[in-house]
Each structure stands twice: as C-alpha cells, then as structure tokens.
Amino acid sequence: MTIEKLSKMIEISSGKVLADLVIRNCKVVDPISSTITDADIAISDDYIVGVGSYNGKEVIDAKGSYAASGLIDSHVHIESSLCTPASFAEVVIPFGTTLIITDPHEIANVCGIEGIKFMINSAKKSPLKCKFMLSSCVPAVGFEDSGAILDASINRRVYK
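Computed from a predicted model, the values in this text were never measured in an experiment. (Residues numbered from 1 in each chain as written. Predicted model: local features only at pLDDT ≥ 70, side-chain atom pairs only at ≥ 80, totals over all residues. Heavy atoms only, no water.)

Participant: Sorry, what's going on with the overall build of the chain here?
Facilitator: Within the chain, the secondary structure is distributed over five helices and eight strands. Reading the helices (α) and strands (β) of the chain from amino to carboxyl end gives α-β-β-β-β-β-β-α-β-α-α-β-α. In the chain, of all internal contacts separated by at least 6 residues, the share reaching a separation of at least 24 is 68%. Carbon and sulfur atoms make up 58% of the accessible area of the chain, which amounts to about 10100 Å² in all. (Helix = DSSP H or I, 4+ residues; strand = E, 2+ residues; numbered from the N terminus. Contact = heavy atoms within 4.5 Å. Areas by Shrake-Rupley, 256 points an atom, 1.4 Å probe, with all protein chains shown as cover.)

Participant: Help me out: how do you make sense of the sheet that holds strand S6 (residues 71–76) in this one?
Facilitator: Backbone hydrogen bonds hold the strands of a sheet together, and the pairing may be parallel or antiparallel. Here we have three strands laid out as an open sheet, ordered S6-S7-S8, and parallel in their pairing. The sheet is open, and its two edges are formed by S6 and strand S8 (129–132), each paired on a single side. Strand-to-strand, the axes of this sheet are offset by a mean angle of 15 degrees, without reference to chain direction. Where strand S7 (residues 97–102) lies against S8, four bridges are found, and the strand directions are parallel. Across the sheet, residue isoleucine 100 finds its bridge partner in S8, namely cysteine 130. (Pairing = 2+ DSSP bridges. Axes fitted to C-alpha atoms, helices over the stretch in contact; angles between N-to-C directions.)

Participant: Can you walk me through unusual backbone geometry in this structure?
Facilitator: For residues that are not glycine, phi is negative in most cases, and the peptide bond is trans in most cases. Residues other than glycine seldom take positive phi values, yet asparagine 25 does so here, at roughly 65 degrees. Inspection of the secondary structure assignment puts asparagine 25 in strand S1 (residues 19–30). The exposure class assigned to asparagine 25 is partly exposed, which follows from its relative accessible area of 38%. (Buried < 20%, exposed > 50% of the residue type's maximum accessible area, 1.4 Å probe, protein only.)

Participant: Help me understand the side chain of serine 44 in this model?
Facilitator: Note that serine 44 resides in strand S2 (residues 35–44). There is a polar contact of 3.5 Å between the side chain of serine 44 and the side chain of aspartate 20. Apart from residues lying up to four places away in sequence, serine 44 is in contact with Lys8, Met9, Ile12, Asp20 and Val49. (Polar contact = N/O pair within 3.5 Å; in protein donor to acceptor, adjacent residues only side chain to side chain.)

Participant: It is not clear to me how the confidence of the model for the chain should be interpreted in this structure. Could you clarify?
Facilitator: In low-pLDDT regions, the fine details of the predicted coordinates are not to be read closely. Across the chain, the average pLDDT comes to 89, with 87% of residues at 70 or higher. Here helix H5 (residues 154–158) stands out as the least confident element of the chain, with mean pLDDT 60; strand S4 (residues 56–61) is the most confident, with 97. (pLDDT = per-residue confidence, 0-100.)

Laid out in structure tokens, this is it:
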C-alpha cells in the first residue's frame, strides 16, 4: 500500500473526505465486545476504513441488515463434502465463511502429492480464501496401504 492510499484512507476515516462508498443503516456485529451497533460502514478502494457515521460518493441503504466480519472455519476436510474448493466455496460463502483452513489428508491418502497440488490449484480459482495444513496422517495408520506416504519433506515439494 502506498503512502498516498493510506493518507486517503485516514482522511476518509476521520470524516474529512467523502468515502467512495458508504453502507448506511447497518447493524454492525462486533464479536470482540459481543455488541451490535447501529452504524455506517465507510469503504475506500475495497477496504473498510471506518464504522460510525459517514457520508460517501455512493450510499447504499442496508435497511437495518446485519454486517459482520467473515467467518473462519479453522479445520475442514473439503474432500468430505465431495466438492472441489471452488464448489465448496459456492456453498459456504453465502453463509458468511470467507476463509478456511483445510487439511487435505483424505485426497493425499488416495492421490499423494498430486492430490494436494490439485486442491491447492483448484482453491486458487475460488473466491474463498483457503489455507492448507500439512497432512499429518498419510497413511492414516501404519498398516494401511494407501496411495501415498507423506513425511515432513513434502513441505519443500508442495507448499512453495
């Protein structure tokens, strides 16, 4: 981010300059303080720069709708849903999940490194932010004969 862009955002957040977009009449959910506040949301260059009372070049009336930050699913196995990351995104984004941390051990057990690479590349085509864990159980148990055996060296080969 440039100094000019940051300066503009500060000017907007302080109310000295009109925001590019204001979403007015929101019920803003604050999960930290466990409160819901009636407020406007000021946006500049796709960044939220303020929550409070703002004016903007463009104003959208939220009509009392709730606004909350995106939800994070901190442990999910996308493959259990029988979806690719892109189709999984179509299901979870409308309900507020914007970021997932996924453990691709199921596809890794069947397809090895190539399965993990497939999931990572598929996730890049998705609007859902996907972070990948290094699978710790491939194979799931020692006596199992699966599609792969992954150890710590995979980190250097896959997660570049």
